[in-house]
Amino acid sequence: MAPLPLPIAAITSPHPSKPHDAAAAARPAASSLHAALASLSQQQAHSHDGALRDAFALVARAERQSSPAAAVSVGPEVYASLLQCCVAAESLRAGRQVHAALVKRGPYYCRNAYAGTKLAVFYARCGALADTERAFGAIPERGRNVFAWAAVIGLWSRAGLHAKALDGFAAMLEAGVPADNFVVPTVLKACAGIALDRAGRAVHGYAWKAGIAECVYVMSSLVDFYGKCGQVEDARAVFDAMPERTVVSWNSMIMAYIHNGRIDEAVELFYEMRVEGVLPTRASVLSLLSASAELEAVDGGRQGHAVAVSSGLAIDVILGTSMINFYCKVGLVEAAEAVFEQMEERDIVTWNLMIAGYFQYGQIERAFETCRRMLESNLKFDCVTLASIIMARVKSCSMMVVSAAHGYAVRNDLDSDRTVACGLIDFYASTGRIEHARQVFSAMSQRDPVMWKVMISTYADCGMTSEALKLLDQMQLEGMSPTAACWDSVISAFIRNGQFKDAIGIFNQMLLTKTRPNLRTWSLLISGLSQNGMHQEVTNLCCKMQKVESAPSPTIYSAVILAAKTAASVHCGKAIHACIVKRGLLLSRSVIQSLLKMYSSFNDGVTTDSLVRLLAECSK
């Protein structure tokens, strides 16, 4: 942001009651003043640091030289031109100074439609949402032109207020202001932001009627909109119909493919783009690398790297980090290392990705060597670095390294990070140091459900079910509802210890809370009870499931059938079969197939044959 320029001189001369009276006499002076300000605005846009200060000085001098009769020579239009200089300089503070000067000069100035529009555009360019809305609201309704509407709608869309942007578009049309090729792309972005497919298509239709549908900017936005809404074929139809394409158009179509997981087609379009002589941008390559990493598409990511090299794109922090992330995700650590060593500048994210990649694929020595180099580069470890070190040491149970990492976390105020704390708890639990794990847990000032689940599971896995129960109760006393995973940890521990009545008791306690049993909860209990011959309890549990679950899914019943098959319990299996018939789920292919496997293991040929016939009927 540019430094604050010279202040506008205070206005000492009284303002004439009718500013228009002096317009004819002042027009030549105002014209030359506008021309000078326009020139300074262009200079400012080309990094001329003193241009904004010169613009303010020019207006201040004109103010001092104006007589009362010629005061209109420094009218609202001049201030609007001065605002354009502030836009070029991206100086919010200077623009607010111009706004204050307009207010001081009175209603004729501060409610001038042209100056008000410039104010709205200026504040929108600076991202000042509240100021933009106030400036827009101060413009008389009849004076709100397409530029003012475009400024406020565009800012709403960029700020993620998509519904508000769409409401503004509707209000604009109701006011009789037609949308242009700047407003329509903004509205399409808002439609994509909240996945309003029908609304976006309506905007597409409006663009056709308004005669702007073939504008390259509008068509690129349509490609982007259809791609984000999952309508890839529509996006491609618009793309193919474009009379001319910019690099933005190509990027939009490539992103449409990537957004919908069609990496091969994105790579093919990259090739077409290069054949057409259009150089891919940094955004194109970054998008392809990111998607390839997410989908672990090796060919797509390598193609992105090759395009970056052939296009002469500098491998800076952002691009290089994206490449390292891709190569580590697909297991090509050597390729990631080559990019890492090639980079002249690295940030902490770059170092963390490389360290995590080494740890993930067992290259421990290289990981620690990279940690040392990171510290030598005057960068400190953050919570991500420490979490990588701790999780790697959990597997090898290296007490000395984790203790050092714990000490570093405490000294650098990183011990309150959830990921670091969970890693420390896991490590101490795996090495039998449960008290150390509890100390880490107790030191956390804010504990979320994940942290509670880790500590409860730690006690449960170590057979300390009474401590796990105490922690479960403490969690509820502190006003936090245990997740299904917390309950499952305790239930699983009781089943492993053969404490089946306690497991059922905890399950009944869970049913009294807001937390609903999930598939794993039912499977844990039914499997555990079935394998230990508690067939009546399993039958009771199935009956309870019918009462608790308003519509038990076929997946749950399939899991129950599998439990009965594993336990080789014919009695339990038939009871479950009866429950399924009562619930009307015997038409589910997955349930029938699970029953077939169960009865086949029981050597019940008659029932198996009837189920085969039923399955054939369902397949028709």
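Residues numbered from 1 in each chain as written. Predicted model: local features only at pLDDT ≥ 70, side-chain atom pairs only at ≥ 80, totals over all residues. Heavy atoms only, no water.

Enquirer: Teacher, can you tell me more about the overall build of the protein chain here?
Expert: Assigned secondary structure in the protein chain consists of 35 helices and 0 strands. When burial is assessed residue by residue, the protein chain has 48% of its 620 residues classed as buried. For the protein chain, contacts bridging at least 24 residues in sequence account for 62% of all contacts bridging at least 6. (Helix = DSSP H or I, 4+ residues; strand = E, 2+ residues; numbered from the N terminus. Buried < 20%, exposed > 50% of the residue type's maximum accessible area, 1.4 Å probe, protein only. Contact = heavy atoms within 4.5 Å.)

Enquirer: Please explain the side chain of Asp-604 as it appears in this structure.
Expert: Position of Asp-604 among the secondary structure elements: in the loop between helix H34 (589-601) and helix H35 (605-619). Buried charge without a partner: Asp-604 forms no salt bridge, and the closest opposite charge is Lys-574, 4.7 Å away. Among residues more than four places away in sequence, those in contact with Asp-604 are Lys-574 and Tyr-599. (Lys, Arg positive; Asp, Glu negative; His and termini not counted. Salt bridge = Lys/Arg side-chain N within 4 Å of Asp/Glu carboxyl O.)

Enquirer: What should I look at first to understand the layout of surface pockets in this one?
Expert: Over the atoms rolls a probe the size of a water molecule, and in doing so it shows where empty space is left. Its volume calculated, the largest pocket comes out at about 700 Å³. As for the largest pocket, its lining consists of 28 residues, of which Ala-150, Arg-158, Phe-182, Thr-186 and Tyr-217 are closest to the centre. Counting residues per element, the ones that place at least two in the lining of the largest pocket are helix H6 (113-125), helix H8 (146-158), helix H10 (183-193), helix H12 (216-228) and helix H14 (247-259). Considering each element in turn, the lining of the largest pocket owes the most residues, 7 residues, to H6. (1 Å grid on protein atoms, 1.4 Å probe; cavity = no way out; pocket = protein on both sides within 12 Å on 5 of 7 lines; lining within 4 Å. Points joined across faces, edges and corners; volume = space filled by probe spheres on them.)

Enquirer: I keep staring at the UniProt feature "repeat: PPR" (unreviewed entry) in the protein chain and nothing clicks. Help me out?
Expert: Sites flagged by UniProt as "repeat: PPR" (unreviewed entry) map to residues 246-280, 316-346, 347-381, 448-482, 483-517 and 518-552. Along residues 316-346 the backbone is 74% helical and 0% strand, and the end-to-end C-alpha distance reaches 8 Å. (UniProt positions renumbered as here; feature names shortened; annotations may be inferred.)

Enquirer: Could you clarify how one ought to interpret the nonpolar core in this entry?
Expert: For soluble globular proteins, the rule of thumb is that nonpolar side chains tend to be buried together. The biggest cluster of nonpolar side chains holds 158 residues, and the ones touching the most others in it are Ile-153, Met-253 and Ile-576. Within the second largest apolar cluster, 23 residues are counted, among which are Val-87, Ala-101, Ala-115 and Ala-120. (Core = buried A, V, L, I, M, F, W, Y, C linked by side-chain atoms within 4.5 Å.)

Enquirer: Looking at this structure, I do not really get unusual backbone geometry. What am I missing?
Expert: The general pattern is negative phi for most residues beyond glycine and trans for most peptide bonds. Look at Asn-378: it is not a glycine, yet its phi comes out positive at around 65°. Mapped onto the elements, Asn-378 comes out in the loop between helix H21 (364-376) and helix H22 (383-396). The exposure class assigned to Asn-378 is exposed, which follows from its relative accessible area of 73%. A positive phi angle, near 60°, is found at Asn-603, a position not held by glycine.

Enquirer: Is there a simple way to think about the side chain of Thr-350 in this case?
Expert: Take Thr-350: it is sitting in helix H20 (residues 348-360). A distance of 2.7 Å separates a polar atom in the side chain of Thr-350 from a polar atom in the side chain of Thr-321. Those residues in contact with Thr-350 that lie beyond four places of it in its chain are Val-317, Thr-321, Ile-324, Phe-340 and Met-343. (Polar contact = N/O pair within 3.5 Å; in protein donor to acceptor, adjacent residues only side chain to side chain.)

Enquirer: Explanation requested: H12 in the structure shown.
Expert: Side chains of residues three or four places apart in an α-helix project in the same direction, reflecting 3.6 residues per turn. Compared with an ideal rise of 1.5 Å per residue, which puts 13 residues at 18 Å, H12 spans 18 Å between its outermost C-alpha atoms and is within 8% of the ideal. Burial in H12 covers these residues: Val-218, Met-219, Ser-220, Ser-221, Leu-222, Val-223, Phe-225, Tyr-226 and Gly-227. Of the surrounding secondary structure, the elements contacted by the buried residues of H12 are H10, helix H11 (197-210), helix H13 (232-241) and H14. Of the residues flanking the end of H12, it is Gly-230, one or two places downstream, whose phi is positive at about 80°. (Expected span 1.5 Å × (residues − 1).)

Enquirer: Explain the confidence of the model for the protein chain here, please?
Expert: Detailed conclusions should not be drawn from predicted coordinates in areas where pLDDT is low. This prediction gives the protein chain a mean pLDDT of 81; 88% of its residues lie at or above 70. Ignoring residues within four places in sequence, the model shows residues 1-28, a span with pLDDT below 50, making 51 contacts including any to other chains. (pLDDT = per-residue confidence, 0-100.)

Enquirer: Is there a simple way to explain the environment of Leu-313 in this structure?
Expert: The residue Leu-313 is located in the loop between helix H17 (298-310) and helix H18 (317-329) in this model. Between the C-alpha atom of Leu-313 and that of Val-285, which follows or precedes it by 28 residues, the distance is 9.4 Å.

Enquirer: I'm lost on the pattern of salt bridges in this one. Help?
Expert: It is possible for side chains bearing opposite charge to pair when their charged atoms get close. Following the criterion strictly, the structure yields 22 salt bridges and no others. Arg-372 serves as the salt-bridge partner of Glu-369, at 2.2 Å between the closest nitrogen and oxygen. On the criterion of helical spacing, the pair formed by Glu-369 and Arg-372 is a turn pair, its members being 3 residues apart in helix H21. With a closest N to O distance of 3.8 Å, Asp-488 and Arg-520 form a salt bridge. Of this pair, Asp-488 sits in helix H28 (residues 484-496) while Arg-520 sits in helix H30 (residues 519-531); the two residues are 32 residues apart in sequence, bridging distant segments of the chain. A residue is classified by how much of its surface remains accessible, and Arg-520, at 46% relative accessible area, is partly exposed.

Enquirer: So what exactly am I meant to see when it comes to the packing of H8 against helix H9 (residues 162-174) here?
Expert: Helix-helix packing: each pair is described by the crossing angle between the helix axes and the interaxial distance. Packing of H8 against H9 leaves a shortest axis separation of 7 Å and a crossing angle of 160°. The angle between H8 and H9 falls in the class roughly antiparallel. Note on packing geometry: the crossing formed by H8 with H9 is left-handed. Residue-level contacts link Val-146, Trp-149, Ile-153, Trp-156 and Ser-157 of H8 to His-162, Lys-164, Ala-165, Gly-168, Phe-169, Ala-171 and Met-172 of H9. Taken together, the residues that form the contact of H8 with H9 break down as 8 nonpolar, 3 polar and 1 charged. (Axes fitted to C-alpha atoms, helices over the stretch in contact; angles between N-to-C directions. Parallel < 35°, antiparallel > 145°, perpendicular 65-115°, else oblique. Left-handed = near helix turned anticlockwise from the far one by under 90°. Nonpolar A, V, L, I, M, F, W, Y, C, P; charged D, E, K, R; others polar.)

Enquirer: Can you walk me through H14 in this structure?
Expert: When the terminal C-alpha atoms of H14 are compared, their 18 Å separation across 13 residues agrees well with the 18 Å that a helix rising 1.5 Å per residue should span. Where H14 is concerned, the buried positions are Ser-249, Trp-250, Asn-251, Ser-252, Met-253, Ile-254, Ala-256, Tyr-257 and Ile-258. Elements that come into contact with the buried residues of H14 comprise H12, H13, helix H15 (263-275) and helix H16 (282-295). Phi for Gly-261, located one or two positions after H14, is positive at around 75°.

Enquirer: Would you explain the packing of aromatic side chains in this entry?
Expert: In this structure the tally under the stated criterion is 14 aromatic pairs. Relative to Tyr-123, the ring of Phe-122 lies with its centre 5.2 Å away and its plane at 55°, an arrangement referred to as tilted. Taken as a pair, Phe-122 and Tyr-123 share a single burial class, namely buried. The interplanar angle of 80° and the centroid separation of 5.0 Å between the aromatic rings of Phe-340 and Trp-351 together place this pair among those described as edge-to-face. Residue Phe-340 is found in helix H19 (residues 333-342), and its partner Trp-351 is found in helix H20; the two are separated by 11 residues along the sequence. Of the two residues, Phe-340 and Trp-351, neither departs from the other in class, the shared state being buried. Taking the ring centre of Phe-136 as reference, the NZ or CZ of Arg-144 above it sits at 4.6 Å. The ring of Phe-340 is capped by Arg-346, whose NZ or CZ atom sits 4.2 Å from the centre of that ring. (Phe/Tyr/Trp six-rings, centres within 6.5 Å; stacked < 30°, edge-to-face > 60°. Lys NZ or Arg CZ within 6 Å of the ring centre and 35° of its normal.)

Enquirer: Would you explain the packing of H17 against H18 in this entry?
Expert: Taken N-terminus to C-terminus, the directions of H17 and H18 make an angle of 155°; their axes are 10 Å apart at the nearest point. When the axis of H17 is compared with that of H18, the two are roughly antiparallel. For the element pair H17 and H18, the recorded crossing hand is left-handed. The residues of H18 that touch H17, namely those facing Val-298, Gly-301, Arg-302, His-305 and Ala-308, are Leu-319, Met-323, Phe-326 and Tyr-327. A breakdown of the residues in the contact of H17 with H18 according to their chemical character gives 6 nonpolar, 2 polar and 1 charged.

Enquirer: Honestly, the environment of Ser-457 in this entry has me stumped. Any pointers?
Expert: Locating Ser-457 in the fold gives a position in helix H26 (residues 449-461). Linking Ser-457 and Cys-486, residues 29 residues apart in sequence, is a C-alpha distance of 7.1 Å. At a separation of 2.8 Å, a polar atom in the side chain of Ser-457 contacts the main-chain carbonyl oxygen of Lys-453.

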